[in-house]
Amino acid sequence: RKEVEQDPGPFNVPEGATVAFNCTYSNSASQSFFWYRQDCRKEPKLLMSVYSSGNEDGRFTAQLNRASQYISLLIRDSKLSDSATYLCVVTSDSWGKLQFGAGTQVVVTP
Amino acid sequence: DGGITQSPKYLFRKEGQNVTLSCEQNLNHDAMYWYRQDPGQGLRLIYYSQIVNDFQKGDIAEGYSVSREKKESFPLTVTSAQKNPTAFYLCATGTGGSTEAFFGQGTRLTVV
């Protein structure tokens, strides 16, 4: 079983709609959680960290459910520019070796 | 400019040749990482280093080698033993601990 699993999508979303997707992780000792965004043929860039209490950054909301071992990302009022692959990232050791999911593709359509 | 510089951006090599990918950073980060990404797949860790003169194998180290002689530099050599080297290679740095990583722009290696 992979350490970090994501629905690959694509999630086809009309502009202005809301989309949400999850990521599950297998290591219950995982310590830190992040969402990265990756555009086609580019490097991943940090979108947001995920905190235990949940956190929001503009139109983006991230949640962590430790009991069920998943994190989620919700995008409200989707923009065309939100089209990308969203990577779930988990660290599971003291110095922070990052484990990446394969990514969820989001396509926002006019 | 502050950041992570990977070079070259595109690299073509003949099968059987070793090739070295450069990664330089001026962020003063202790941790450096090399990842490989294949089309439609996530990033897989090749090697990582927490400190100068020390590095550890990641999940797919076979056919690769690294060195960490300076804090700023973490070059990756793709050897002829790597069976399928064509991929997108990403270097990342971080402060260690449970913190995020920052990526260079990547090197696309094509072996023909």
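Relevant structure appears above.
Just so we're clear, the structure is a prediction, and the values are computed from it rather than from any experiment.

### Looking at the pairing of strand 4 (residues 32-38) of chain A
Residues and elements named next belong to chain A.
Here's step 1: Burial runs high along strand 4: 6 of the 7 residues are buried.
Here's step 2: Sheet topology note: the strand 4/strand 9 (residues 84-91) ladder contains 7 bridges and is antiparallel. By the bridge assignment, Trp 35 is partnered in strand 9 with Cys 88.
Here's step 3: Two strands pair when backbone bridges link them, and strand 4 and strand 5 (residues 45-50) are joined in this way by 5 bridges, in the antiparallel orientation. Bridge pairing links Phe 33 to Val 50 in strand 5.
Here's step 4: Where strand 4 hands over to strand 5, the hairpin turn is made up of 6 residues, of which Arg 41 adopts a positive phi near 65°.

### Some points on the interface of chain A and chain B
Here's step 1: Contact with chain A, which involves 22 residues of that partner, is made by 24 residues of chain B.
Here's step 2: Between chain A and chain B the total buried area reaches about 1,900 Å² when both faces are included, carbon and sulfur atoms providing 54% of it.
Here's step 3: Counting every contact that joins chain A to chain B gives 0 salt bridges.
Here's step 4: Linking chain A with chain B are 3 residue pairs in polar contact (both at pLDDT 80 or more), by the criterion used here.

### Quick look at the nonpolar core
A general trend in soluble globular proteins is that nonpolar side chains are found buried together.
All names here are of chain A.
Here's step 1: Phe 21, Trp 35, Ile 71, Leu 73 and Tyr 86 are the most contacted members of the largest nonpolar core, which totals 22 residues.
Here's step 2: If you list the elements that add at least two residues to this core, you get strand 3 (19-25), strand 4, strand 5, strand 7 (60-65), strand 8 (70-75), strand 9 and strand 11 (104-109).
Here's step 3: Among residues more than four places away in sequence, those in contact with Leu 73 are Val 19, Ala 20, Phe 21, Trp 35, Leu 47, Met 48, Phe 60, Thr 61 and Tyr 86.

### Describing the packing of aromatic side chains
Here's step 1: Applying the stated criterion to the full structure yields 13 aromatic pairs over all chains.
Here's step 2: For the pair Phe 21 of chain A and Trp 35 of chain A, a centre-to-centre distance of 5.6 Å together with 85° between the ring planes defines the contact as edge-to-face. On the criterion of sequence distance, the pair formed by Phe 21 of chain A in strand 3 and Trp 35 of chain A in strand 4 is long-range, its members being 14 residues apart. Taken as a pair, Phe 21 of chain A and Trp 35 of chain A share a single burial class, namely buried.
Here's step 3: With centroids separated by 5.9 Å and ring planes inclined at 65°, the aromatic side chains of Tyr 64 of chain B and Tyr 89 of chain B adopt a geometry described as edge-to-face.

### Points about the sheet that holds strand 8 of chain A
Residues and elements named next belong to chain A.
Here's step 1: Across the sheet, which stays open at both edges, the 5 strands sit in the order 1-3-8-7-6 with antiparallel pairing between neighbours. The open sheet has two free edges, formed respectively by strand 1 (4-6) and strand 6 (55-57), since each of these has just one partner strand. Across the sheet, the mean angle separating the axes of adjacent strands is 20° when strand polarity is ignored.
Here's step 2: Summarising the sheet, strand 7 and strand 8 pair through 6 bridges and their orientation is antiparallel. Pairing of Ala 62 across the sheet is with Leu 73, part of strand 8.

### Re the state of the cysteines
Residues and elements named next belong to chain A.
Here's step 1: As enumerated under the stated definition, the model contains 2 disulfides over all chains in all.
Here's step 2: Between the sulfur atoms of Cys 23 and its disulfide partner Cys 88 the distance amounts to 1.9 Å. Across the disulfide from Cys 23 to Cys 88, rotation about the S-S bond amounts to roughly -65°, and the bridge is consequently left-handed. With Cys 23 in strand 3 and Cys 88 in strand 9, the pair connects residues that are 65 residues apart, well separated along the chain.
Here's step 3: Cys 88 gets classed as buried once you look at its relative accessible area, which sits at 0%.

Conventions used here
Residues numbered from 1 in each chain as written. Chains lettered and ligands numbered in written order. Predicted model: local features only at pLDDT ≥ 70, side-chain atom pairs only at ≥ 80, totals over all residues. Heavy atoms only, no water. Buried < 20%, exposed > 50% of the residue type's maximum accessible area, 1.4 Å probe, protein only. Helix = DSSP H or I, 4+ residues; strand = E, 2+ residues; numbered from the N terminus. Pairing = 2+ DSSP bridges. Contact = heavy atoms within 4.5 Å. Buried area = accessible area lost by both parts, 1.4 Å probe. Salt bridge = Lys/Arg side-chain N within 4 Å of Asp/Glu carboxyl O. Polar contact = N/O pair within 3.5 Å; in protein donor to acceptor, adjacent residues only side chain to side chain. Core = buried A, V, L, I, M, F, W, Y, C linked by side-chain atoms within 4.5 Å. Phe/Tyr/Trp six-rings, centres within 6.5 Å; stacked < 30°, edge-to-face > 60°. Axes fitted to C-alpha atoms, helices over the stretch in contact; angles between N-to-C directions. Disulfide = S-S within 2.5 Å.

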